[in-house]
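# Tertiary structure, described
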Amino acid sequence: MKRYRLENWDWFQLLKEADIQKVSFEKGPLINTWFRDIKGNRSNYLHIDTSEEDQEVLSGSLIYHREIDKREDYEIFHFFLSRDTLITYDYKDNSLHIDGNNLLKEIKHAQTPIEGFMVILGKVMTDILYHIDAYEQQLEQLIWDVKQRNSIKTLDRVYQSRHELLVWKNVMIPFLEIRYSLEEAFGEEITKGKVYARVTKRIERGLILVEEYQKELNNLVDFEEVVSQHRGNEIMKTLTVFTTICTPIMAWGALWGMNFEIMPELKWKFGYVFSLAIIIGSTVVVYFYLKSRGWMGDLLKARKKNSFFR
């Protein structure tokens, strides 16, 4: 257990269950009640107690780090916050890729435990924004790959990116809930501090970024669906036109392939040449009929490089 006695409040950083009794002995049995509520909890949880004036408490659990590809691979810490005490349980600075000394330095400048808690939330958000910056580069590459290497693999990557963004949004939404819960529990006067304002903007920035990236991905999905639908229609039209053009060949071939005993064409001197002329002529007639009706479209034109529809 680490205890930091700051200007007019205490921060208890607990890592073992045995530390709870020590804090409870000093801060009262409410700590034991809090620990029973959060013990074994592995999901986001929030509880507000405003039953006593100036004795308000905000407590709960927060998932602050999650792996994108593994549902069960995440880190969670538990917190107890009052007007003179901040208790964190199972909170590890090293998981956030930050300097613990800098964290402690910032918390020492906090005037209240509420500001100290906001410093911790701000550090977590900094780590999340670090990952989102890396995601931005991935999204930019994907936008250009949709044009240059449009395929089922690219579409799969679009939906993988969509899922990743949903995970980050799922991580950040509880931060927004905590922000409003702090105002609900301790009043609007806590919003006047610089730390609170700074971290609030950081949370809003993260959520706005996710919202904007979601819009880009939705546009990519719509874009991909339009291109895929157009190409599917082109394929069906090509097969239909090809079948129609080949109909005279199949029809005449079926006619002259019959085994009837009386077939005058079999005795014609130029029957073979005549049959070829009939087949070719009728095929050409069908082709120009389709072309005159505008049903051929761009089927005979070569597809241009880096073009979606041509």
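These lines cover the structure that appears in this document, whether it is placed above or below. (Residues numbered from 1 in each chain as written. Predicted model: local features only at pLDDT ≥ 70, side-chain atom pairs only at ≥ 80, totals over all residues. Heavy atoms only, no water.)

## Points about the overall build of the protein chain
Helices and strands together make up the secondary structure of the protein chain, namely 7 helices and 6 strands. The order of α-helices and β-strands along the protein chain, N terminus first, is β-β-α-α-β-β-β-β-α-α-α-α-α. Counting only C-alpha atoms, the protein chain reaches 115 × 35 × 35 Å along its principal axes. Counting every position in the protein chain, which comprises 310 residues, the buried fraction comes to 40%. Contacts in the protein chain between residues at least 24 apart in sequence constitute 63% of all its contacts with a sequence separation of at least 6. Accessible area for the protein chain stands at about 19000 Å²; split by element, carbon and sulfur atoms hold 55% of it. Taken together, the 42 basic and 45 acidic charged side chains of the protein chain have centroids lying 9 Å from each other. (Helix = DSSP H or I, 4+ residues; strand = E, 2+ residues; numbered from the N terminus. Buried < 20%, exposed > 50% of the residue type's maximum accessible area, 1.4 Å probe, protein only. Contact = heavy atoms within 4.5 Å. Areas by Shrake-Rupley, 256 points an atom, 1.4 Å probe, with all protein chains shown as cover. Lys, Arg positive; Asp, Glu negative; His and termini not counted. Charge placed at Lys NZ, Arg CZ, Asp CG, Glu CD.)

## A few points about unusual backbone geometry
The backbone of D54 sits at a positive phi, close to 65°, despite the residue not being glycine. As for its placement among the helices and strands, D54 is situated in the loop between β3 (45-49) and β4 (57-66). A relative accessible area of 48% places D54 in the partly exposed class. Here the phi dihedral of D90 falls at roughly 65°; this positive angle occurs in a residue that is not glycine. In this structure, D90 sits in the loop between β6 (85-89) and α3 (100-108). The class for D90 is partly exposed, based on a relative accessible area of 21%.

## Describing a nonpolar patch on the surface
Nonpolar side chains collect at one region of the surface, where F270, Y272, V273, L276, I280, V284 and F288 lie side by side and expose about 760 Å² of accessible area between them. Looking at where I280 falls in the secondary structure, it is placed in helix α7 (residues 271-292). I280 sits in the exposed class, given a relative accessible area of 54%. (Patch = residues over 30% accessible without salt bridge, like charges linked within 9 Å, V, L, I, M, F, W, Y side chains within 5 Å. Salt bridge = Lys/Arg side-chain N within 4 Å of Asp/Glu carboxyl O.)

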